[in-house]
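Here's the letter readout for the chains.
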Amino acid sequence: MYAPIALNPARAWRSYCGGKLIGEIHGRTEPDGHYPEEWLMSVVEARNPAEVSAPGEGLSLRMDGGGTLKESIERDPEGMLGAGKTSPGVLMKILDAAQRLSVQVHPTQQDAQRLFHSPYGKTECWHVLGGREIDGEKPYIYFGFRPGVTREIWAELFRRQDIPGMLACLHKISVLPGQTYFIRGGVPHAIGPGCLLAEIQEPTDLTLRTERVSPSGEPLPDLSCHQGIGFERMLDCFDYGGLSLEATLETWRVPPKTVWKDENCEIVSLLDARHTPLFRLEKLRVFDQMKITPGGNFHGIYVLSGCGQCICHDKIEEIGPGSQYFVPAACDDYALCAKRGSMTVLRWYGPEK
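Presented here is a report on the structure given in the accompanying data block. Each chain carries its own residue numbering, running from 1 in the direction its sequence is written. With the structure being a predicted model, the display of local features is reserved for residues of pLDDT at least 70 and the display and counting of side-chain atom pairs for 80 or more, all residues being used for whole-chain, interface and lining totals. Only hydrogens and water are set aside; all other atoms, that is, all heavy atoms of the structure, feed into the side-chain values.

### Examining the side chain of Ser118
Next up, step 1: Helix and strand definitions follow DSSP, with helices as H or I runs of at least four residues and strands as E runs of at least two, each counted in order from the N terminus. Position of Ser118 among the secondary structure elements: in the loop between helix 4 (109-116) and strand 6 (124-131).
Next up, step 2: In this structure the side chain of Ser118 is engaged in a polar contact, spanning 2.7 Å, whose partner is the backbone oxygen of Tyr120. Two N or O atoms form a polar contact when they lie within 3.5 Å of each other; inside protein one atom must be a possible hydrogen donor and the other a possible acceptor, and for residues adjacent in sequence the pair counts only when both atoms belong to side chains.

Quick look at the structure:
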């Protein structure tokens, strides 16, 4: 018999600082530091400079001591993922930025195959969970080129390391809890300070950066910027089709859609097949008891708020903020039961095919 598999939190080193609000989700006091991301249902190792990397960093570990999720999938790919699948094809993160991230872009699947011999690029999606003011400014993001930015203009700004000039080429957008932004590979962006996000993405850590100094002022090795492909090919990975702010929001900001609601639960689609076949993200509100039938589709769940139980067969586990599970494709029906009010839960799926 298969049941949801509880996973331990997995944190990854990044060049920017944050993480305090992730600690708050888990009910603990935590200072901001260089581990501002929690990776969920992860079979991906973080790509970091050798001096800060640790073997297996970013990989999800089973809470029952059964090793990594990656090892469990390799032992039983059909039961865990379904027939014909060998990888979840998706990575989920909780991200808390106390500093602005570097201006960056991620490769499309086509560029990732050509340049990195990877079957996955790094198209992604952000769902804003909350945030905080940093230096008196509310959370914001930089997103997409303004009209008129050419490769020649961008390459010259990069050559001069004119960071204010780079930022001026992108739209600066204030963000609010509940908003969702889809970021296709090739679209330039930078998360601003104060953002607490859930990020769903293709399962790689391929990030191309145009700033050669970290947000904290430390010089970055060239390899951390171009990931081994060289600066010219890095610049080729940007989509120079700039849009107006209005068109940018209309194209990339995704409105939520309630797909089910009764006295037991509410299911809100945050991103689905209308936008991409790569992954799907939902927010669940559990008011009482929500029965879930996996139906052969593996998925992940992460509790954002509230407490309750995860019940499968005769196994009952207490859950609360920060609890996360991998639900195998062969899993039998299970239930989420709220206690003392409602629970808010993220649920996500990998590629449709």
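### Some words on helix 4
Next up, step 1: The classification of residues rests on relative accessible area computed with a 1.4 Å probe and restricted to protein chains. Under 20% of the type maximum is buried, over 50% is exposed, and intermediate values are partly exposed. Along helix 4, the residues that are buried comprise Asp111, Ala112, Leu115 and Phe116. Each buried residue of helix 4 lies within a common arc of 100° when the element is viewed along its axis, so the set occupies one face. Turned more than 90 degrees off the buried face of helix 4, the exposed positions are Gln110 and Arg114.
Next up, step 2: Of the residues trailing helix 4, His117 is marked for its positive phi of about 55°. What the arc describes is the spread of directions from the helix axis to the C-beta atoms.

### Observations regarding unusual backbone geometry
Next up, step 1: Residues other than glycine seldom take positive phi values, yet Gln227 does so here, at roughly 60°.
Next up, step 2: One non-glycine residue, Arg340, lies in positive phi territory at about 55°.
Next up, step 3: For Arg340, the location among the structural elements is in strand 20 (residues 334-349).

### Some points on the sheet that holds strand 6
Strands belonging to one sheet form pairs held by backbone hydrogen bonds; the direction of such a pair is parallel or antiparallel.
Next up, step 1: Whether two strands pair depends on DSSP finding at least two bridges between them. In spatial order, the strands read 2-3-4-11-6-9; together these 6 strands make up an open sheet with antiparallel pairing. Looking at the sheet topology across the chains shown, the edges are occupied by strand 2 (10-12) and strand 9 (180-183). Averaged over all pairs of adjacent strands, the angle between their axes in this sheet comes to 25°, without regard to strand direction.
Next up, step 2: Bridging between strand 6 and strand 11 (residues 195-201) involves 7 bridges; their strand directions are antiparallel. Pairing of Gly131 across the sheet is with Cys195, part of strand 11. To obtain an axis, a line is fitted to C-alpha atoms, over the contacting stretch when the element is a helix, and the angle between two such axes runs from 0 to 180 degrees between their N-to-C directions.

### Description of the layout of surface pockets
Next up, step 1: Of the grid points, spaced at 1 Å and generated over the protein atoms alone, those admitting a 1.4 Å probe that cannot get out make up cavities, while open sets with protein on both sides within 12 Å along at least five of seven lines make up pockets; any residue with an atom within 4 Å of a point is treated as lining. Grid points are joined across faces, edges and corners, and a volume is the space filled by probe spheres set on the points. Each pocket or cavity is described by its volume, and for the largest pocket that value is around 570 Å³.
Next up, step 2: Along its surface, the largest pocket is lined by 36 residues, and Trp13, Ser15, Asn48, Pro49 and Arg209 are the ones closest to its centre.
Next up, step 3: Of all the elements in the fold, those that place two or more residues in the lining of the largest pocket are strand 4 (91-96), strand 6, strand 10 (189-191) and helix 7 (222-226).
Next up, step 4: The residue classification treats Ala, Val, Leu, Ile, Met, Phe, Trp, Tyr, Cys and Pro as nonpolar and Asp, Glu, Lys and Arg as charged. All others, Gly included, are polar. Residues belonging to the lining of the largest pocket are distributed by class as follows: 13 nonpolar, 12 polar and 11 charged.
Next up, step 5: Each pocket or cavity is described by its volume, and for the second largest pocket that value is around 250 Å³.
Next up, step 6: Around the second largest pocket, the lining comprises 15 residues; the ones closest to its centre are Tyr120, Leu278, Pro351, Glu352 and Lys353.
Next up, step 7: When the residues that make up the lining of the second largest pocket are grouped by side-chain class, the tally is 6 nonpolar, 5 polar and 4 charged.

### Quick word on helix 5 (residues 151-160)
Next up, step 1: Listed as buried for helix 5 are Trp154, Ala155, Leu157 and Phe158. Looking down the long axis of helix 5, one finds its buried residues gathered within 160° of arc, a one-sided arrangement. Exposed and facing more than 90 degrees away from the buried side of helix 5 are Glu152 and Arg159.
Next up, step 2: Here a residue-residue contact requires only that any non-hydrogen atoms of the pair lie within 4.5 Å. Those residues of helix 5 hidden inside the fold are in contact with strand 7 (140-145), helix 6 (163-168), strand 8 (170-174) and helix 8 (231-236).
Next up, step 3: Positive backbone phi, at 50°, marks Gln161, one or two positions downstream of helix 5.

The values are spatial; any link to function lies outside them.
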